[in-house]
Amino acid sequence: MPRKAPTSIFLIFLCLLLLAFYSLLLSRSAISLSPTHLCFRPRNLTARYDAPDSFNHVIREDINELTHRTRLVTSIPGPVESVSVLLPNWEVLVLVSQDTPLTSNLGVGGFYCFFPRNETSPANFSGVLPFTGSTTFKCTLPNRNRRLQPFHQPVLTRFLERETNVISAAPGMPRWDFLAYECFSTETDVVLFVKGVNNRQGINKSPEEFHCVFGNDIKNAVKTPVTSSKQEVFRCLHPNLMELSISPSTTAAAKRIKVSIEINREKLVVPSVAYYTPPRRHMPSNPNPTSVLCATTMVYNVAKFLREWVMYYSKIGVDKFILYDNGSDDDLERVIKELDEEGDYNIERIFWVWPKTQEAGFSHSAVYAKDSCTWMMYVDVDEFIFSPSWLKNSSQPSKTMLKSLLSISSNGSIGQVSIKCNDFGPSDQKKHPAMGVIQGYNCRRQAEQRHKSILLLEAVDHSLLNVIHHFDLSNNHYNWKELPLEAAVINHYKYQAWPEFMTKFRRRVSAFVADWRTRVNPMSKDRTPGLGFQPIKPEGWENMFCDVKDDRLKLWTKKWFGSQTPQGLKMAWQL
């Protein structure tokens, strides 16, 4: 009998120990999940309702309740309003209202994200959103806060010791995969960009299943019908501003009208960081765009490639370049400034922080640039169009070259011109060639690959539907013209020297396709044959993808852009 009590105590202790270990294992499993695999909608950011005239609180600008955090930041007069969004890979995007004054030296650091449980991480200045004026910072969600669901928003601060006593129950943080993130107003309607509502596999829900919801609180929210629902793009009617009941005494911050999508069947409003801007009155669309041919692309850390791309296309007919910058942290801004100072280059840089939104960015460009561009060319900075006929018939580059490919029939029905691609390999290069990619890479695959397009912006379908570089056209009005290889081809310098390709492999955030590290769609053309899912250099990489030696564009650009210097032959884009 005396031995029974210790034995029982030991068994109880063992059970408790096993239970604790099992709980810890579950906790670690939850932490290890990437945000892209966690399936939940923040419960205090999306609410269902029973009354037909009530709305989700997510559209409110109530600082004390939901989406915003207000704290005093030293050297900034007054409180700081911010709202945060959880991006992939535990990255937190913090948005500060344009009405909140901040110090001028944002790039020097000194800001922190302060989370519950007294955890912090540096907040790095990321850029200013062009259409809302919000200043953005990025920080990392600390490990212990990854266990809290819903994930909690941080406070943006400069001095941590002054914040330790003000952190209370922080509001939940919306997830990037379910969010209204951008809005653009045309003269006739509103274009709203929303993540996580329509399926990526081409299954788009009917517009009748949604409403656009405008307003900053429940009392004055206004609904309008949705007229188009494709991919991440929703179009709806303008609200009646009189119904929003915004008085002259309302503060500037409160006058900002939040907009989102209501899912009718679920009685659910998507969390939003998008704001509605009423269209300017008496400002009709420009009937004569200033640029005949523009080029747009989404970029990330392409500073070393941009000069060659801009200078080449500018010489053969591109009038304006629109770059959707997906959060670059290299010298992109400096290179753009130098190009502006050196020559007559019209370059517009749009800060587009949203990940995996290349299709949406292109849809945005098709409506945003319509008043300034007639045609829009969709090619990346490693893609160069040329016509074999130029090599025979032209002694100098001409701004009419690209435009000659857009020959329009007598009835003007061509709305999109497509050009096939040739994919080039590393061509025995071990590092980025100093003279540029055209001079450095001259060996390619035999078979042509996917097409890229030049789009007549007035021909694009109302839905703005596109599959990277190709758009749906207005029904029964415009045709799609595909050029043969003899007329034009794109040199796509896709597989470059290994250090360059590895950088591209590690960060693929803008394209709609799966991350190369994700084990999905192994036979996709976006995959690299022989590479697998890890950035491990395949044996013989330098000589891969080399079926045909192709020097045509190399010789042509050397003739037109090369010059002899005391240091040898230099291309125009070499500093």
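Residues numbered from 1 in each chain as written. Predicted model: local features only at pLDDT ≥ 70, side-chain atom pairs only at ≥ 80, totals over all residues. Heavy atoms only, no water.

Draft legend 1. How the structure looks around the overall build of the protein. Of the regular secondary structure elements, the protein holds 10 helices and 30 strands. Relative to its full complement of 575 residues, the protein shows a buried share of 53%. (Helix = DSSP H or I, 4+ residues; strand = E, 2+ residues; numbered from the N terminus. Buried < 20%, exposed > 50% of the residue type's maximum accessible area, 1.4 Å probe, protein only.)

Draft legend 2. Looking closely at the pattern of salt bridges. Throughout the structure, instances matching the rule amount to 20 salt bridges. With a shortest N-O distance of 3.9 Å, K138 and E91 are connected by a salt bridge. Of this pair, K138 sits in strand 6 (residues 135–140) while E91 sits in strand 3 (residues 91–96), and the two are 47 residues apart along the sequence. Overall, the relative accessible area of 12% leaves K138 in the buried class. Judged by its relative accessible area of 25%, E91 falls in the partly exposed class. Three or more residues joined by partner-sharing salt bridges are found here, namely D325, E333 and R349. (Salt bridge = Lys/Arg side-chain N within 4 Å of Asp/Glu carboxyl O.)

Draft legend 3. Region of interest: unusual backbone geometry. Positive phi is not limited to glycine here, since R117 has a value of about 65°. Topologically, R117 is positioned in the loop between strand 4 (111–115) and strand 5 (119–128). Exposure remark for R117: the relative accessible area of 37% places this residue in the partly exposed category.

Draft legend 4. Quick peek at the packing of helix 3 (residues 303–316) against helix 4 (residues 332–342). With their axes 9 Å apart at the nearest point, helix 3 and helix 4 run at an angle of 30° to one another. By the angle between their axes, helix 3 is roughly parallel relative to helix 4. Considering how the two elements wind past one another, helix 3 and helix 4 form a crossing that is right-handed. Contacts between helix 3 and helix 4 involve A303, L306, R307, V310 and M311 on the former and, on the latter, L332, V335, I336, E338, L339 and E342. Taken together, the residues of the contact of helix 3 with helix 4 sort by class into eight nonpolar, no polar and three charged. (Axes fitted to C-alpha atoms, helices over the stretch in contact; angles between N-to-C directions. Parallel < 35°, antiparallel > 145°, perpendicular 65-115°, else oblique. Left-handed = near helix turned anticlockwise from the far one by under 90°. Contact = heavy atoms within 4.5 Å. Nonpolar A, V, L, I, M, F, W, Y, C, P; charged D, E, K, R; others polar.)

Draft legend 5. Here's a closer look at helix 10 (residues 552–561). Along helix 10, the residues that are buried comprise L553, W556, T557, W560 and F561. Seen end-on, helix 10 carries its buried residues on one side only, within an arc spanning 100°. Of the residues in helix 10, the exposed ones pointing more than 90 degrees away from the buried face are L555 and K559. (Arc of directions from axis to C-beta.)

Draft legend 6. Main features of the packing of aromatic side chains. Summed over all chains, the structure comprises 37 aromatic pairs. Ring centres of Y312 and F384 lie 5.3 Å apart, and the angle between their planes is 80°; on these two criteria the pair is classed as edge-to-face. Taken together, the positions of Y312 in helix 3 and F384 in strand 20 (residues 383–386) put the pair 72 residues apart, joining distant regions of the chain. Here F501 and W541 contribute two aromatic rings whose centre-to-centre distance is 4.9 Å and whose plane-to-plane angle is 45°, an arrangement assigned as tilted. Placement of the pair is F501 in helix 9 (residues 498–506) and W541 in the loop between helix 9 and strand 28 (548–549), with a sequence separation of 40 residues. Accessibility classification places F501 together with W541 in one group, the buried group. Over the aromatic face of Y275 sits the side chain of R256, whose NZ or CZ is 3.8 Å from the ring centroid. (Phe/Tyr/Trp six-rings, centres within 6.5 Å; stacked < 30°, edge-to-face > 60°. Lys NZ or Arg CZ within 6 Å of the ring centre and 35° of its normal.)

Draft legend 7. Inspection of the state of the cysteines at higher detail. Scanning the model with the defined rule gives four disulfides in all. A sulfur-sulfur distance of 2.2 Å marks the disulfide that ties C113 to C139. Judged by the sign of its S-S torsion, about -90°, the cystine formed by C113 and C139 is left-handed. Note that C113 is positioned in strand 4 and C139 in strand 6, a separation of 26 residues in sequence. The disulfide partner of C294 is C373, and the gap between their sulfur atoms is 2.0 Å. Between C294 and C373, the S-S dihedral sits near -90°, and the bridge is therefore left-handed. Placement of C294 in strand 16 (residues 291–299) and of C373 in strand 19 (residues 373–378) is noted, with a sequence separation of 79 residues between them. Judged by its relative accessible area of 1%, C373 is buried. Once the bonded cysteines of the protein are numbered in order along the sequence, the disulfide links fall as 1-2, 3-4, 5-6, 7-8. Sulfur of C183: no disulfide; nearest cysteine sulfur belongs to C236 and is 7.2 Å away. (Disulfide = S-S within 2.5 Å.)

Draft legend 8. Looking closely at the nonpolar core. With 96 residues, the main nonpolar core has W309, Y312 and Y313 as its most contacted residues. A per-element tally of this core places helix 3 first, with nine residues. Those residues in contact with Y313 that sit more than four places away from it in its chain are V318, F321, M377, V379, E383, F384, I385 and L402. (Core = buried A, V, L, I, M, F, W, Y, C linked by side-chain atoms within 4.5 Å.)

Draft legend 9. Expanded view of the confidence of the model for the protein. Here the protein averages 81 in pLDDT, while 74% of its residues score no lower than 70. Strand 1 (residues 69–72) is the least confidently modelled element of the protein, averaging 38 in pLDDT, while strand 12 (residues 233–236) averages 98, the highest of any element. Here residues 22–79 scores under 50 on pLDDT; set against residues more than four positions off or in separate chains, the count is 156 contacts. (pLDDT = per-residue confidence, 0-100.)

Draft legend 10. The packing of helix 3 against helix 10, seen in detail. For the pair helix 3 and helix 10, the least separation of the axes is 13 Å and the interaxial angle reads 80°. On the basis of their axis angle, the class for helix 3 and helix 10 is roughly perpendicular. Of the residues in helix 10, those in contact with M311, Y312, K315 and I316 of helix 3 are L553, W556, T557 and F561. In the contact of helix 3 with helix 10, the residues fall into six nonpolar, one polar and one charged.

Draft legend 11. Region of interest: the pairing of strand 27 (residues 489–492). Where burial is concerned, the two faces of strand 27 agree: the one with V489 and N491 and the one with I490 and H492 are both buried. Where strand 20 lies against strand 27, four bridges are found, and the strand directions are antiparallel. Opposite I385, over in strand 27, you have I490 as the bridge partner. With three bridges connecting them, strand 21 (residues 414–423) and strand 27 associate as parallel partners. Looking at the pairing, N422 lines up with N491 of strand 27. (Pairing = 2+ DSSP bridges.)

Draft legend 12. Molecular detail of helix 4. L332, V335, I336 and L339 are the residues of helix 4 that are buried. Buried residues in helix 4, looked at end-on, bunch into an arc of 100°, giving them a common side. Pointing more than 90 degrees away from the buried face of helix 4 are the exposed residues E333, K337 and E341. Taken together, the buried residues of helix 4 touch strand 16, helix 3, strand 17 (320–325) and strand 18 (347–351).

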